[in-house]
Amino acid sequence: KKNEALPWMGFEAREVILEVLDKAIDDKTAEVRVIAYDLNEPEIVKRLEKLGKRLMVIIDNDGAHGKAGSAENQAEKRLKVTAGKQNVKRQHMGKLQHNKMIVINGTKIKVAICGSTNFSWRGLYVQSNNVLALYGKNSITPFLTAFQNFWDFNSAADFSKTASAEWSNLDLNNINA
């Protein structure tokens, strides 16, 4: 009974995120890339664990996120067990990176989740946030590139030299191509 309200409180964002993660779990070819500011929503973390080595994740470690006992430290420990230490990275760009994205690249599903919603209880159920789900190869390409640039560069100065730091036209008229 205690979880009865959760599905409708953050129903749209939560539903979309969990649905695409379930599809990624089912598509054994799907590789998943995640950049998370807050990461403490139990169902999201459980699904990320199920992806195993197909997951690469960057979790913010600025301020409270890096303190002992933080939800982000706990998620990091859990995901290092399932995804492998080499696939879990802690960083922040400048003060904090504050990005939130999930990119799934598989044969059955290609989707980029982005927006202002943190992958946390507050982000889904308390704050007024949004989630966009962009489907198709063309839609995920800039997000995959941005993820790789975040992964490869550990400073805001280095990242700012990449094309990912510039405005990207998503060409929404052809997004599903």
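No experiment lies behind these values; they were computed from the predicted model shown.

Rules used in this analysis
- Here the residue index of a chain counts from 1 through its sequence in written order.
- Only residues with pLDDT of at least 70 are given local features in this predicted model, and only at 80 or more are side-chain atom pairs given and counted; all residues enter the totals for whole chains, interfaces and linings.
- With hydrogens and water stripped out, all remaining heavy atoms of the structure feed into the side-chain values.
- Helix and strand assignments come from DSSP, with helices taken as H or I runs of at least 4 residues and strands as E runs of at least 2, each series counted from the N terminus.
- In this description, contact between two residues means that some pair of their heavy atoms is separated by no more than 4.5 Å.
- The Shrake-Rupley method, run with a 1.4 Å probe sphere, supplies the accessible areas, and residue values consider only the shown protein chains as cover.
- Interaxial angles span 0 to 180 degrees and are taken between N-to-C directions of axes, which are lines fitted to C-alpha atoms, for helices over the stretch in contact.
- By definition in this entry, angles of less than 35 degrees are roughly parallel, angles greater than 145 are roughly antiparallel, angles of 65 to 115 are roughly perpendicular, and the rest are oblique.
- Crossings are assigned a handedness: left-handed for a near helix turned anticlockwise from the far helix by less than a right angle, right-handed for a clockwise turn.
- In this classification, Asp, Glu, Lys and Arg are treated as charged, Ala, Val, Leu, Ile, Met, Phe, Trp, Tyr, Cys and Pro as nonpolar, and every other residue, Gly included, as polar.
- Within this document, salt bridges are pairs made up of a side-chain nitrogen of Lys or Arg and a carboxyl oxygen of Asp or Glu, the two lying within 4 Å of each other.
- When a residue's accessible area, from a 1.4 Å probe over protein chains only, is under 20% of the maximum for its type it is buried; when over 50% it is exposed; and in between it is partly exposed.
- All tallies of charge rest on Lys and Arg as positive and Asp and Glu as negative; His and the ends of each chain are not included.
- Any N or O atom pair separated by 3.5 Å or less is treated as a polar contact, with the protein-specific requirement of one donor-capable and one acceptor-capable atom, and with residues adjacent in sequence counted only for side-chain atom pairs.
- Grid spacing is 1 Å over the protein atoms alone, the probe is 1.4 Å, and a cavity is where that probe fits but cannot get out, while a pocket is an open set with protein on both sides within 12 Å along at least five of seven lines and lining residues have an atom within 4 Å of a point.
- Grid points are joined across faces, edges and corners, and a volume is the space filled by probe spheres set on the points.
- In a helix, the anticipated span is given by 1.5 Å times the number of residues less one.

Chemist: Just checking my understanding: could you explain the overall build of the chain for this structure?
Modeler: The number of helices and strands found in the chain is 7 helices and 6 strands. Going residue by residue from the N terminus, the α and β elements of the chain occur as α-α-β-α-β-α-β-β-β-α-β-α-α. A separation threshold of at least 6 residues defines the contact pool for the chain, and within that pool the share at least 24 residues apart is 69%. Summed over all atoms, the accessible surface of the chain reaches about 9400 Å², with 52% contributed by carbon and sulfur.

Chemist: Sorry, what's going on with the packing of helix α3 (residues 42–50) against helix α4 (residues 71–83) here?
Modeler: When two helices pack together, their arrangement is given by the angle between the helix axes and the distance between those axes. Viewed as axis vectors pointing N to C, α3 and α4 meet at an angle of 20 degrees, and their least axial separation amounts to 8 Å. The orientation of α3 relative to α4 falls into the category roughly parallel. Seen along the crossing, α3 lies across α4 with a hand that is right-handed. For the pair formed by α3 and α4, the contact residues are Val-45, Lys-46, Leu-48 and Glu-49 on the first element and Ala-75, Arg-78, Leu-79 and Thr-82 on the second. In the contact of α3 with α4, the residues fall into 4 nonpolar, 1 polar and 3 charged.

Chemist: Would you mind showing me how to read the pattern of salt bridges here?
Modeler: Charged atoms that come close allow side chains of opposite charge to pair. As enumerated under the stated definition, the model contains 9 salt bridges in all. The partner of Glu-41 in a salt bridge is Arg-14, with the nearest N and O atoms 3.8 Å apart. Of this pair, Glu-41 sits in the loop between β1 (31–36) and α3 while Arg-14 sits in helix α2 (residues 11–26), and the two are 27 residues apart along the sequence. Exposure remark for Glu-41: the relative accessible area of 3% places this residue in the buried category. Arg-14 sits in the buried class, given a relative accessible area of 17%. Across the salt bridge formed by Lys-23 and Glu-19, the nearest N and O atoms sit 3.3 Å from each other.

Chemist: Looking at this structure, I do not really get the side chain of Lys-89. What am I missing?
Modeler: One can find Lys-89 in strand β3 (residues 88–91). The charged side chain of Lys-89 is buried without a salt bridge, its nearest counter-charge being Asp-152 at 6.3 Å. A polar contact is formed between the side chain of Lys-89 and the backbone oxygen of Trp-151, at a distance of 2.2 Å. Once residues lying within four places of it in the same chain are set aside, the contact partners of Lys-89 are Val-57, Ile-58, Ile-59, Phe-150, Trp-151, Asp-152 and Asn-154.

Chemist: Please clarify how the environment of Ala-30 should be interpreted in this entry.
Modeler: Relative to the helices and strands, Ala-30 is located in the loop between α2 and β1. Placed 24 residues apart in sequence, Ala-30 and Arg-54 show a C-alpha to C-alpha distance of 7.0 Å. Residues contacting Ala-30, with those up to four places away along its chain left out, are Ala-24, Arg-54, Ile-104, Asn-105 and Gly-106.

Chemist: Honestly, the layout of surface pockets in this entry has me stumped. Any pointers?
Modeler: What the largest pocket holds in volume is close to 370 Å³. What lines the largest pocket is a set of 17 residues, and nearest its centre among them are Pro-142, Phe-143, Ala-146, Ser-164 and Ser-168. At the level of secondary structure, the elements contributing two or more residues to the lining of the largest pocket comprise β5 (110–115) and α6 (137–152). For the lining of the largest pocket, the element with the most residues is α6, which contributes 5 residues. Residue composition of the lining of the largest pocket, grouped by class: 9 nonpolar, 6 polar and 2 charged.

Chemist: For this particular structure, what's the right way to read α6?
Modeler: The periodicity of an α-helix, 3.6 residues per turn, causes residues three or four positions apart to be oriented the same way. For α6, which comprises 16 residues, the first-to-last C-alpha distance of 22 Å matches the rise-based estimate of 22 Å (1.5 Å per residue) to within 8%. Within α6, the full set of buried residues consists of Ser-139, Ile-140, Phe-143, Ala-146, Phe-147, Asn-149, Phe-150 and Trp-151.

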